[in-house]
Amino acid sequence: MAYDVTDFQLEVIEASQTRPILVDFWAPWCGPCRVLGPVLEKLADEQADTWTLVKVNSDQNPELSQRYHVRGIPAVKLFHHCEIIDEFTGALPEYAIRQWLEKALPSENKARLAQAKAAVEAGDVATAEPLLRTILADEPTNPEAGVLLAQLLAFSQPEEALTLVEAAAFAGPQYLQVQEAVRTLAHLQSVTTAPEALPEDPVKPSYLQAAQAVLARDFDGALEGFIDVIQRNRYYDDDTSRKACIALFVLLGNEHPSVRTYRRRFDMALY
């Protein structure tokens, strides 16, 4: 359902406290507005339980257009909790608007994900893990939640972490390093359980000891051992010592004491 605004403060600002309000700034003379309007109205009817469409004639409401910096029409702005949380300008095709709505509309799981991200950055695993598991119970294919949970489980449950990152293939480029780090840790677990599969080499004992140190969360010992292997035979087991150091740097973060201690030594070992 869509309707023309009569009281913007009441129908948009105050109403957005309880549900998202999509505002379509338009004008009767605007050709693209006449194209976009019916598409928005169709989607508003389909998703009436989720958001409300309000139309603002920019000719009749120039002060609103000025207040919200409308410089071209059609201009679509999504209000929630009294603020614009997303917007676009122009007559997008229906499929693009559906994609935009899916990304822009708030939801409980999006709020949980934001809380979980903040908790992960703060190192608060006790808060982040149940939030991420709740999201995945509702949305088993949520890629961001899957990668973040994998990041938390990489050291304690590398097999589950690997399953999560493989299911989250489209999490986004910002998560590629985490995904590769989790794969590396899963590989290290596999070599510690089947060391006979590794080729014989003078560095093999040091490599296995470093891999075991990762699983024991002895990060200083792990980095020390992998750097030693890099210096003696960098490409042993497909260059995994280098990959393991990078995985630890990614998963532990730049401020972790072990990362601060060993990153420069690692860089020097490569050259």
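Bear in mind the structure is a predicted one, so any value in this text is a computation, not a measurement.

## As for the state of the cysteines
And then number 1: Evaluated as defined, the whole model comprises one disulfide.
And then number 2: The residue that forms a disulfide with Cys30 is Cys33, at a sulfur-sulfur distance of 2.5 Å. Where Cys30 bonds to Cys33 through sulfur, the torsion about that S-S bond is close to 80 degrees, and the disulfide is right-handed. The residues Cys30 and Cys33 share a single accessibility class, namely buried.

## Considering the pattern of salt bridges
And then number 1: For the structure on display, the rule yields 20 salt bridges.
And then number 2: We note a salt bridge from Lys77 to Glu87, for which the minimum N-O separation is 2.5 Å. A residue pair is termed long-range when its members are at least 10 positions apart, and Lys77 in strand 4 (residues 75-80) and Glu87 in strand 5 (residues 83-89) qualify at ten residues.
And then number 3: Given a relative accessible area of 5%, Lys77 falls into the buried group.
And then number 4: Of the charged contacts in the structure, one is a salt bridge between Arg133 and Glu160, with a shortest N-O distance of 3.1 Å.

## Focus: the nonpolar core
And then number 1: Ranked by size, the top nonpolar core spans 58 residues in total, and within it Leu132, Phe155, Tyr207, Val214, Phe226, Cys245 and Leu248 carry the most contacts.
And then number 2: Sequence-distant contacts of Cys245, defined by excluding residues within four places in its chain, comprise Leu223, Phe226, Ile227, Ile230 and Phe266.
And then number 3: Grouped together as the second largest cluster of nonpolar side chains are 16 residues, Leu43, Val76, Trp100 and Leu101 included.

Conventions adopted
- Residues numbered from 1 in each chain as written.
- Predicted model: local features only at pLDDT ≥ 70, side-chain atom pairs only at ≥ 80, totals over all residues.
- Heavy atoms only, no water.
- Disulfide = S-S within 2.5 Å.
- Buried < 20%, exposed > 50% of the residue type's maximum accessible area, 1.4 Å probe, protein only.
- Salt bridge = Lys/Arg side-chain N within 4 Å of Asp/Glu carboxyl O.
- Helix = DSSP H or I, 4+ residues; strand = E, 2+ residues; numbered from the N terminus.
- Core = buried A, V, L, I, M, F, W, Y, C linked by side-chain atoms within 4.5 Å.
- Contact = heavy atoms within 4.5 Å.

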